Amino acid sequence: MSAEAIRPVTDRDSAPWWERTARHEFAVQECETCGTLRFPARAYCHRCRTPRWRWRQIEPVGRIESWIVSHQPFLPGAREPYVVVRVRLAEALECVVYGNWRGDGPPEDGQLVRGSFTAVDEALSLVDWGPAG
Amino acid sequence: MAGFRDRTAIAGVGYTRFSRNSGVSTLTLACEAIMAALEDAGLSADDVDGLATHRVGDSAAPSVVGPALGIHEPVWHLDQFGGGSVSHAVIGQAALAVAAGVAETVVCYRAINARSEFRMGGTGRGLPVSPEVQYQAPYGYVAPPQQYAMFARAHMSKYGTKEEHFGQLAVRQRASAVKNPRALMRTPITLDDYLAGRWIAEPFRLLDCCLETDGACALVVTTAERAAGLRRTPVLISAAAWGGGDSFLSGGNPDVTVTAAAEMAPRLYRQAGVGPAEIDVAEIYDCFTYSVVVQLEDYGFCAKGEGGPYAASGEGVPVNTHGGFLSEGYVHGINHVAEAVSQLRGDAGDRQVDGAEVALSTAQPGYILPATSALILRKG
Ligand SMILES: [Zn+2]
């Protein structure tokens, strides 16, 4: 995307996740009680409703669940159409992330994809997606 | 909920003109629609003891509209945060307040300058305050047409739904709007016109997307007994239901081609004592074409996956007889309820569905904001 990225407005739950992402670590939360992986960051496990958790680094790998080609310039400065993908993470099947597409051709439904980090600056990196392997 | 069924009624409907630039404040729009609804019901502002709306920081609150109309001591009020997910919930909540005897005559309204002042996901406002926005906006994923296009693509991939299905639906809704004097878009369109439209966010073209409208609509909710003595044919509120939706927080429904309406619809129908086969007319939330397709499935009018061909065929239940958001105007859901009222009263003119006795009207089915709501109305 040629536009300037909109900087994420982080919150008290999410700030540590963004700090890890800036260090190019891809992590979700793991419930210490029942082991459920969750994203985005929040205090309580949706399954066992307990608040004890730890970060768990996982492979940034998943499958394309859907995608769009955005033409309308919803972002100031976006001059070219850009692709946004919705990815379901392979190691954390309950977790979905969005990102921009870094493949040559368009994505395909169910395609195996791998995330890569795009550093905006020292404090911010984004995760984009392209064909795995 | 048998104790709720048909105990309350919609006794009056009022609109402002729909336009692209009202030139007035949302407070003015709200007052105009409310006064029109009261006149329609044969009531005055002195009869009103409750006010209800929903907003996303874009409109006049009941705490302003009440005093502006000299309604200084409401006994019940509701200022609900939210957009199209809660449009029908607001009316349902007013009906609950009336059925419980807390209030007797509640005006529900929605007033927006959605084209000239506060465009959804567009210019004129900041990003919504919601935890998931930070994970989406940096990738240029910010606006409802993008979000709905994402869900529509998943449906197309899974069930073979085609853009032509969306297109035929848009063509049919336009044909309905041609018969609706209130509608903003009254020039017929063809499938070729649809396909020639510019891309907004693939798979959506221009004519997949709702209008952006300045305007207001208001409804008077009162007891069935009181409505029976007023000047218009009462339209009874047979059922109101509230449901969840698709959340970005992990742990929810993993299949985005099934909306919260699928879980909610059986409860709604059970409250009303009817099923989809008894629905004579359906005014279905159509922020985008796909929204109608998926709801036709999830409210039981056709099987899962068949919503595209069903919507394209024009067979089955009459849908969005006013033209919907795609062609009448975008008042965030309340205009769908108002059209249902018109159909059940039998005053819908050239677009009247013969013998309409029972109507369904639905809110946004729980994408984007994980909440939904719907009403079943019956001719009194
Ligand atoms: Zn747990």
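Placed above this text is the structure.
Residues numbered from 1 in each chain as written. Chains lettered and ligands numbered in written order. Predicted model: local features only at pLDDT ≥ 70, side-chain atom pairs only at ≥ 80, totals over all residues. Heavy atoms only, no water.

Asks: Is there a simple way to explain the overall build of chain B in this structure?
Replies: Helices and strands together make up the secondary structure of chain B, namely twelve helices and eleven strands. Taking 380 residues into account, the globule formula puts the C-alpha radius of gyration at 21 Å, and chain B, at 19 Å, falls close to it. Structurally, chain B occupies a C-alpha span of about 55 × 45 × 45 Å along its principal axes. For chain B, the proportion of contacts with a sequence separation of at least 24, taken over those separated by at least 6, is 78%. Split by element, the accessible area of chain B, about 12,700 Å² in all, is 52% carbon and sulfur. In chain B, 29 side chains carry a positive charge and 39 a negative one; their mean positions are 2 Å apart. (Helix = DSSP H or I, 4+ residues; strand = E, 2+ residues; numbered from the N terminus. Rg over C-alpha atoms; globule rule 2.2 N^0.38 Å. Contact = heavy atoms within 4.5 Å. Areas by Shrake-Rupley, 256 points an atom, 1.4 Å probe, with all protein chains shown as cover. Lys, Arg positive; Asp, Glu negative; His and termini not counted. Charge placed at Lys NZ, Arg CZ, Asp CG, Glu CD.)

Asks: What am I meant to see in the sheet that holds strand 3 (residues 76–81) of chain B here?
Replies: Consider a sheet: its strands pair through backbone hydrogen bonds, and that pairing is either parallel or antiparallel. Residues and elements named next belong to chain B. Here we have nine strands laid out as an open sheet, ordered 3-2-4-7-1-8-11-10-9, and mixed in their pairing. At either margin of the open sheet sits one strand with a lone partner, and together these are strand 3 and strand 9 (281–283). Between one strand axis and the next, the sheet turns by 25° as a mean value, whatever way the strands run. Here strand 9 pairs with strand 10 (residues 358–362) via three bridges, running parallel. Directly across from A282, in strand 10, lies its bridge partner L360. (Pairing = 2+ DSSP bridges. Axes fitted to C-alpha atoms, helices over the stretch in contact; angles between N-to-C directions.)

Asks: Just to check I follow, could you spell out the interface of chain B and chain A for this structure?
Replies: Across the boundary between the two partners, chain B contributes 33 residues, which contact 43 residues of chain A. Around 3,100 Å² of area is buried between chain B and chain A when both sides are counted, 61% of it from carbon and sulfur atoms. The interface formed by chain B and chain A includes zero salt bridges. Viewed at the interface, chain A and chain B are joined by 20 residue pairs in polar contact (both at pLDDT 80 or more). Looking at the side of chain B that touches chain A, the elements that each hand over two or more residues are helix 4 (144–159) and strand 5 (199–202) of chain B. Ranked by the residues each element gives to the side of chain B that touches chain A, the list is headed by helix 4 of chain B, at eight residues. (Buried area = accessible area lost by both parts, 1.4 Å probe. Salt bridge = Lys/Arg side-chain N within 4 Å of Asp/Glu carboxyl O. Polar contact = N/O pair within 3.5 Å; in protein donor to acceptor, adjacent residues only side chain to side chain.)

Asks: Where do I start with the sheet that holds strand 3 (residues 53–57) of chain A in this structure?
Replies: All names here are of chain A. Strand order in the open sheet formed by three strands is 2-1-3, with antiparallel pairing between adjacent strands. Only two strands of the sheet have a single partner each, and these edge strands are strand 2 (37–38) and strand 3. Pairing of strand 1 (residues 27–31) with strand 3 involves five bridges; the strand directions are antiparallel. Looking across to strand 3, one finds that V28 is bridged to R56.

Asks: Can you help me understand the coordination of the zinc ion in this one?
Replies: Four donors placed tetrahedrally around a metal ideally meet at 109.5 degrees, and six donors placed octahedrally ideally meet at 90 or 180 degrees. Residues and elements named next belong to chain A. Within the protein, the atoms that donate to the zinc ion are C31 (SG), C34 (SG), C45 (SG) and C48 (SG), at distances of 2.3 Å. Classification of the site at the zinc ion rests on its four donor atoms, whose angles at the metal span 99 to 116°, yielding the label tetrahedral. The exposure class assigned to C31 is buried, which follows from its relative accessible area of 2%. (Donors = N, O, S within 2.8 Å, 3.2 Å for Na, K, Ca; no water. Tetrahedral: all angles 85-135°; square planar, octahedral: opposite > 155°, others 65-115°. Buried < 20%, exposed > 50% of the residue type's maximum accessible area, 1.4 Å probe, protein only.)

Asks: It is not clear to me how unusual backbone geometry should be interpreted in this structure. Could you clarify?
Replies: In most cases, non-glycine residues show a negative phi, while peptide bonds are predominantly trans. A cis geometry characterises the amide bond from F39(A) onward to P40(A), with omega recorded as -5°. For the peptide bond that leads from E202(B) to P203(B), omega is 15°, which places it in the cis range. Summarising the element assignment, P203(B) is placed in the loop between strand 5 and strand 6 (204–205). Of note in this structure, R49(A) is not a glycine but carries a positive phi near 60°. Considering the arrangement of structural elements, one finds R49(A) in the loop between strand 2 and strand 3. For R49(A), a relative accessible area of 63% puts it in the exposed group.

Asks: Would you take a moment to explain the state of the cysteines for this structure?
Replies: Think of a disulfide as a covalent bridge from one cysteine sulfur atom to another cysteine sulfur atom. A full pass over the atoms with the stated rule returns zero disulfides over all chains. As a non-bridged cysteine, C217(B) has C108(B) as the owner of its nearest cysteine sulfur, 10 Å distant. (Disulfide = S-S within 2.5 Å.)

Asks: Would you explain helix 9 (residues 289–298) of chain B in this entry?
Replies: Spacing of three or four residues puts side chains on the same side of an α-helix, whose turn is 3.6 residues. Residue and element names in this part refer to chain B. Summarising burial for helix 9: ten of the ten residues are buried, a large majority. Among the residues of helix 9, those classed as buried are T289, Y290, S291, V292, V293, V294, Q295, L296, E297 and D298. Within two residues after helix 9, G300 carries a phi angle of roughly 85°, on the positive side.

Asks: Got a minute to help me understand the pattern of salt bridges in this structure?
Replies: Any two side chains of opposite charge can pair, on the condition that their charged atoms come close. All names here are of chain A. Here the structure, examined in full by the defined rule, presents 30 salt bridges over all chains. Among the salt bridges present, the one from R114 reaches E59, with a minimum N-O distance of 3.1 Å. Taken together, the residues span a long stretch of sequence, with R114 in strand 7 (residues 112–121) and E59 in the loop between strand 3 and strand 4 (61–70) at a distance of 55 residues. When its relative accessible area of 41% is taken as the criterion, E59 is described as partly exposed. It is possible to trace a salt-bridge network through shared partners that takes in E30, R54, R56 and E91.

Asks: In this structure, what is going on with helix 1 (residues 26–41) of chain B? I would like to understand it.
Replies: Residue and element names in this part refer to chain B. Relative to the 22 Å expected for 16 residues at 1.5 Å per residue, helix 1 spans 22 Å between its end C-alpha atoms, a close match to the ideal helical length. Of all the positions in helix 1, only T26, L29, A30, C31, A33, I34, A37, L38, D40 and A41 are classed as buried. Those residues of helix 1 hidden inside the fold are in contact with strand 1 (8–15), strand 2 (50–55), helix 2 (62–68), strand 4 (105–113), strand 7 (214–223) and helix 12 (334–345). A positive phi of about 80° marks G42, the residue just after helix 1. (Expected span 1.5 Å × (residues − 1).)

Asks: Quick question: what am I supposed to make of the pairing of strand 2 of chain B here?
Replies: Side chains on a regular strand alternate between the two faces of the sheet. All names here are of chain B. Summarising burial for strand 2: six of the six residues are buried, a large majority. Here strand 2 shows no split at all, with G50, A52 and H54 on one side and L51, T53 and R55 on the other all buried. In terms of strand pairing, strand 2 meets strand 3 through six bridges, oriented parallel. When the sheet's bridge partners are listed, R55 is paired in strand 3 with F81. With helix 2 bridging strand 2 and its parallel neighbour strand 3, the resulting β-α-β unit is right-handed. Where strand 2 and strand 4 come together, three bridges link them in parallel fashion. By the bridge assignment for strand 4, G50 is matched with V106. (Right-handed = clockwise from strand over helix to strand, strands pointing away.)

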